[in-house]
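# Geometric and topological summary
The lines below spell out each chain.
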Amino acid sequence: MLIRCPECSRSISDQAAACPGCGYPICAASAAPKHRRGRSTRRKLPNGTGSIKKLSGRRTRPYAAYPPTTEFDWNGCPKPVPAIGYYPDWKTAMAALLEYNRNPYDLATANLTFREVYELYYQDKYVVNQKKKLSASAANSTRAAFRNCAALHDRGFRSLRKADMQAVVDACPLNHASLELIVTLFRQLYRFALQNDMVDKDYSQFVTINRPDDDESGEPFTPAELAILWAHRDEEHVGTILLMIYSGFRIKALESLEIDLETRCFRGGVKTAAGRGRMVPIHAAILPFAAHFVPADFRAGYFRSNCFYPALERLGIARTADGKRHTPHDCRHTFSWLCDRYGVDDLSKHLLMGHSLGSDVEKSVYGHRTAEELQTEIAKIQVVICR
């Protein structure tokens, strides 16, 4: 192949060691290695997408993904932005960058731990919020639930998934009520995080309590204990205890109970879909207690500790024959026992107590009771009031 000599422009062979006319060396120049930069196998990312950089040194996660730059200094130079995260390979970093571009989030909150999100939530709910005064027991319950989630305290909140939270609930050795507080905390934290763009999906909605509800255990008051309560019905707090016994409502339901003295019925309930908002006729014997009861002034936690237990201790009926302590839930068990003892029909009992009828199609679909029929049924329960 002929080439031109760089010195004299004479046509010579490319294999010649030097130009025969001027002596200019040829092979040394043509044989010199050309150091070309290897061509990248990856295309440049589109403008406005961000960038991925491989960091120097020996790292387990050498690839850093950076969001697109949106701020510039007075010279027009882009201001540095924090990385979205650090990843073991380019593909993982690219997936994270694409996810960020699909749903951008605040990088200032992206790396918050479970503990930090909880502290922000607690401050917002119990300190900053002055519109609704929350009880000390509610704050204590929230703090107790947080303590029972110690395994998640230092985990990144955005990295949590359903399996992480489910493992905490499944491993907790406490009772069903404590597990309910943990699940409630998860859901409240995710609601707070969604409101503040800390996460884009609520994984807490899939967490379940895989353990039978042990909160329904209890023992009814005996006829002798009921007689003692009626004999002291005019003493402080005893009327409220009798109201709970002869209505079947849970103690928590009394905080939001609606009382219609004109139609002589209660409306309320908590915990289950079948129990919420149910109508229960007021038994004639507890009508005076209902007339003086003010749900807005009632606090379940305070009444349980400062009224219910001291009243029973004062009357000498704080414990059952087996030595177990009577609890407020025993009032509900007593109502169920009274319904059975005095022949309240099964469907009416279920409706009065707010029990689910489950797969019983005949009762759940075709079972109906009017207010008058329920009033007739609850009136079957006899009360012997000693003067």
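Rules of the game
Residues numbered from 1 in each chain as written. Predicted model: local features only at pLDDT ≥ 70, side-chain atom pairs only at ≥ 80, totals over all residues. Heavy atoms only, no water. Core = buried A, V, L, I, M, F, W, Y, C linked by side-chain atoms within 4.5 Å. Buried < 20%, exposed > 50% of the residue type's maximum accessible area, 1.4 Å probe, protein only. Helix = DSSP H or I, 4+ residues; strand = E, 2+ residues; numbered from the N terminus. Contact = heavy atoms within 4.5 Å. Pairing = 2+ DSSP bridges. Axes fitted to C-alpha atoms, helices over the stretch in contact; angles between N-to-C directions. Parallel < 35°, antiparallel > 145°, perpendicular 65-115°, else oblique. Left-handed = near helix turned anticlockwise from the far one by under 90°. Nonpolar A, V, L, I, M, F, W, Y, C, P; charged D, E, K, R; others polar. Expected span 1.5 Å × (residues − 1). Bend = angle between axes of the 7 residues up to and from the residue. Phe/Tyr/Trp six-rings, centres within 6.5 Å; stacked < 30°, edge-to-face > 60°. Lys NZ or Arg CZ within 6 Å of the ring centre and 35° of its normal. 1 Å grid on protein atoms, 1.4 Å probe; cavity = no way out; pocket = protein on both sides within 12 Å on 5 of 7 lines; lining within 4 Å. Points joined across faces, edges and corners; volume = space filled by probe spheres on them. pLDDT = per-residue confidence, 0-100.

## Quick look at the nonpolar core
Counting residues in each nonpolar core, the largest one holds 48 residues, and the members touching the most others are Leu229, Ile241, Ile245, Tyr246 and Phe266. It is helix α11 (residues 300-315) that provides the largest number of residues to this core, a total of eight residues. Ala145, Phe146, Leu189 and Phe192 belong to the second largest nonpolar core, which has 31 residues in total.

## Thoughts on the environment of aspartate 202
Within the secondary structure, aspartate 202 sits in the loop between α7 (176-195) and α8 (223-231). With 13 residues separating them in the primary sequence, aspartate 202 and leucine 189 have C-alpha atoms 9.5 Å apart. Apart from the residues within four sequence positions on either side, aspartate 202 is in contact with Tyr190 and Leu194.

## Focus: the sheet that holds strand β8 (residues 278-281)
Reading across the sheet, the three strands line up as β6-β7-β8 and stay open at both edges, with antiparallel pairing between neighbours. Each having just a single partner strand, β6 (258-260) and β8 make up the two edges of the open sheet. Each adjacent strand pair in this sheet contributes to an overall mean axis angle of 20 degrees, direction not counted. With three bridges joining them, β6 and strand β7 (residues 265-268) adopt antiparallel strand pairing. From the neighbouring strand, isoleucine 259 faces β7, where its bridge partner is phenylalanine 266.

## Here we look at the packing of α8 against helix α9 (residues 238-245)
As a packed pair, α8 and α9 sit with axes 9 Å apart at the nearest point and diverge in direction by 135 degrees. Between α8 and α9, the angle falls in the class oblique. Helix-helix and strand crossings are classified by hand; for α8 and α9 the assignment is left-handed. Contacts from Leu226, Leu229 and Trp230 in α8 reach Val238, Ile241, Leu242 and Ile245 in α9. Taken together, the residues that form the contact of α8 with α9 break down as seven nonpolar, no polar and no charged.

## Looking at α11
Taking 1.5 Å per residue as the helical rise, α11 with its 16 residues ought to reach 22 Å, and the 21 Å between its terminal C-alpha atoms agrees with that figure. Helix geometry: α11 is bent most strongly at cysteine 307, by close to 25 degrees, with proline proline 310 lying one to four residues after it. Along α11, the residues classified as buried are Ala300, Phe303, Cys307, Phe308, Tyr309, Ala311, Leu312 and Leu315. Buried residues in α11 make contact with α8, α9 and α12 (329-341).

## What to know about the packing of aromatic side chains
Per the counting criterion, the structure on display carries 14 aromatic pairs. Residues phenylalanine 114 and phenylalanine 186 carry aromatic rings whose centres are separated by 6.2 Å and whose planes lie at 80 degrees to one another, so their mutual orientation is edge-to-face. Taken together, the positions of phenylalanine 114 in helix α4 (residues 114-128) and phenylalanine 186 in helix α7 put the pair 72 residues apart, joining distant regions of the chain. Comparing phenylalanine 114 with phenylalanine 186 shows no difference in burial state: the two are buried. Ring geometry for phenylalanine 249 and phenylalanine 266: centres 5.9 Å apart, planes at 85 degrees, overall edge-to-face. With phenylalanine 249 in the loop between α9 and β6 and phenylalanine 266 in strand β7, this pair connects stretches of sequence that are 17 residues apart. Neither residue differs from the other here; phenylalanine 249 and phenylalanine 266 are each classed as buried. By the ring-pair criterion, three or more aromatic residues cluster together here, those being Phe114, Tyr118, Tyr122, Tyr126, Phe146, Phe157, Phe186 and Tyr190. Above the ring of tyrosine 66, the side-chain terminus of lysine 53 is found at 5.1 Å from the ring centroid. If you follow arginine 325 out to its NZ or CZ, it ends over the ring of tyrosine 309, 3.6 Å from the centre.

## Some points on the sheet that holds strand β5 (residues 85-87)
With antiparallel pairing, the three strands of this open sheet are ordered in space as β3-β4-β5. Two strands in the sheet have a free side with no partner beyond their single neighbour: β3 (51-54) and β5. Adjacent strand axes in the sheet meet at a mean angle of 30 degrees when their direction is disregarded. Relative to β5, strand β4 (residues 63-66) runs antiparallel, the two sharing three bridges. The partner of alanine 65 across the bridge, within β5, is glycine 85.

## Focus on the layout of surface pockets
If a probe as big as a water molecule is rolled over the atoms, it shows which places are left empty. Approximately 2,300 Å³ is the volume attributed to the largest pocket. What lines the largest pocket is a set of 50 residues, and nearest its centre among them are Ser141, Glu180, Leu181, Thr184 and Lys252. Counting residues per element, the ones that place at least two in the lining of the largest pocket are α4, α5 (136-147), α7 and α11. At 12 residues, the largest contribution of residues to the lining of the largest pocket is made by α7. Counted by class, the lining of the largest pocket contains 18 nonpolar, 16 polar and 16 charged residues.

## Structural notes on the confidence of the model for the protein chain
On average, residues of the protein chain carry a pLDDT of 83, and 85% of them reach 70 or more. The lowest-confidence element of the protein chain is helix α14 (residues 361-366), averaging 41 in pLDDT; the highest-confidence one is α9, averaging 95. In the predicted structure, residues 358-367 sits below a pLDDT of 50 and forms eight contacts with residues beyond four places in sequence or in another chain.

## As for the side chain of threonine 49
Secondary-structure assignment places threonine 49 in the loop between α1 (27-31) and β3. Note on threonine 49: relative accessible area 14%, which makes it buried. Beyond its immediate chain neighbours, meaning those up to four positions away, threonine 49 contacts Pro68, Leu97 and Asn101.

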